[in-house]
Amino acid sequence: QDRRMNLFNIENDRQAMIGYRISAAYQNMGFVTEALRRVIRFCFEETGVQRLEAEVMTVNVASNRVMEKCGFTCEGTKRQAKSELTRLSKGPFH
């Protein structure tokens, strides 16, 4: 069963893209919110990363809510992608 969270695409010493996936059996239990908060804390306190970004399918209300609870800010919507994506960020460089 898929219960992973990935930090990927570290563009430079200050910026990274974050993503996650969790199986349906573990959704709506708070695991992603808790794990994402820990990853965010690790990134900002233990690495040189100063900005985290994420892209979430706009129709994925639960995932957008997780991002909101973790302090990410909506920067806009990609409408020309295969799926409409909401672009979010967290850090001092919004």
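Residues numbered from 1 in each chain as written. Predicted model: local features only at pLDDT ≥ 70, side-chain atom pairs only at ≥ 80, totals over all residues. Heavy atoms only, no water.

Engineer: Sorry, what's going on with the confidence of the model for the protein chain here?
Structural biologist: Do not read the fine detail of predicted coordinates wherever pLDDT is low. Looking at the protein chain, the pLDDT average stands at 81 and 82% of residues meet or exceed 70. Least confident of the elements in the protein chain is strand β1 (residues 3-8), whose mean pLDDT is 57; most confident is helix α2 (residues 61-69), at 93. (pLDDT = per-residue confidence, 0-100. Helix = DSSP H or I, 4+ residues; strand = E, 2+ residues; numbered from the N terminus.)

Engineer: Is there a simple way to explain the nonpolar core in this structure?
Structural biologist: Among soluble globular proteins, nonpolar side chains are generally buried collectively. In terms of nonpolar packing, the biggest core is built from 16 residues, with L36, I40, L52, M67, C70 and F72 touching the most fellow members. For this core, the secondary structure elements donating two or more residues are β2 (15-22), α1 (31-46), β3 (51-57) and α2. Broken down by element, this core gets its largest block of residues, four residues, from α1. (Core = buried A, V, L, I, M, F, W, Y, C linked by side-chain atoms within 4.5 Å. Buried < 20%, exposed > 50% of the residue type's maximum accessible area, 1.4 Å probe, protein only.)

Engineer: Any chance you could explain α1 here in plain terms?
Structural biologist: Owing to its 3.6 residues per turn, the α-helix brings residues three or four apart onto one side. With 16 residues, α1 extends 22 Å from end C-alpha to end C-alpha; this agrees with the ideal 22 Å at 1.5 Å per step. Looking at α1, one finds that the buried residues are V32, T33, L36, I40 and C43. When α1 is viewed along its axis, its buried side chains cluster within an angular range of 95° and face the same direction. Relative to its buried face, α1 has exposed residues pointing more than 90 degrees away, namely R38, E45 and E46. (Expected span 1.5 Å × (residues − 1). Arc of directions from axis to C-beta.)

Engineer: Mind showing me how you'd approach the pairing of β3 here?
Structural biologist: Within a regular beta strand, the side chains point alternately toward one face of the sheet and then the other, so they alternate between its two faces. Extensive coverage of β3 is indicated by the burial of five of its seven residues. Relative to β3, β2 runs parallel, the two being bridged by three bridges. Residue pairing across strands places A16 opposite L52, the latter belonging to β3. Where the polypeptide runs from β2 across α1 and back to β3, its parallel neighbour, the crossover connection is right-handed. Pairing of β3 with strand β5 (residues 85-90) involves six bridges; the strand directions are antiparallel. Bridge assignment links V56 to a residue of β5, and that residue is T86. (Pairing = 2+ DSSP bridges. Right-handed = clockwise from strand over helix to strand, strands pointing away.)

Engineer: I'm lost on the pattern of salt bridges in this one. Help?
Structural biologist: Between side chains of opposite charge, a pair can form when the charged atoms approach closely. Applying the stated criterion across every chain yields a total of seven salt bridges. With its nearest N and O atoms 2.7 Å apart, the salt bridge here joins R51 to E53. Like E53, R51 is buried. Across the pair E55 and R87 runs a salt bridge, and its minimum N-O distance is 2.7 Å. Placement of the pair is E55 in strand β3 and R87 in strand β5, with a sequence separation of 32 residues. Residue classification places E55 among the partly exposed residues on the basis of a relative accessible area of 30%. The network of salt bridges with shared partners includes R51, E53, E55, E75, K78 and R87. (Salt bridge = Lys/Arg side-chain N within 4 Å of Asp/Glu carboxyl O.)

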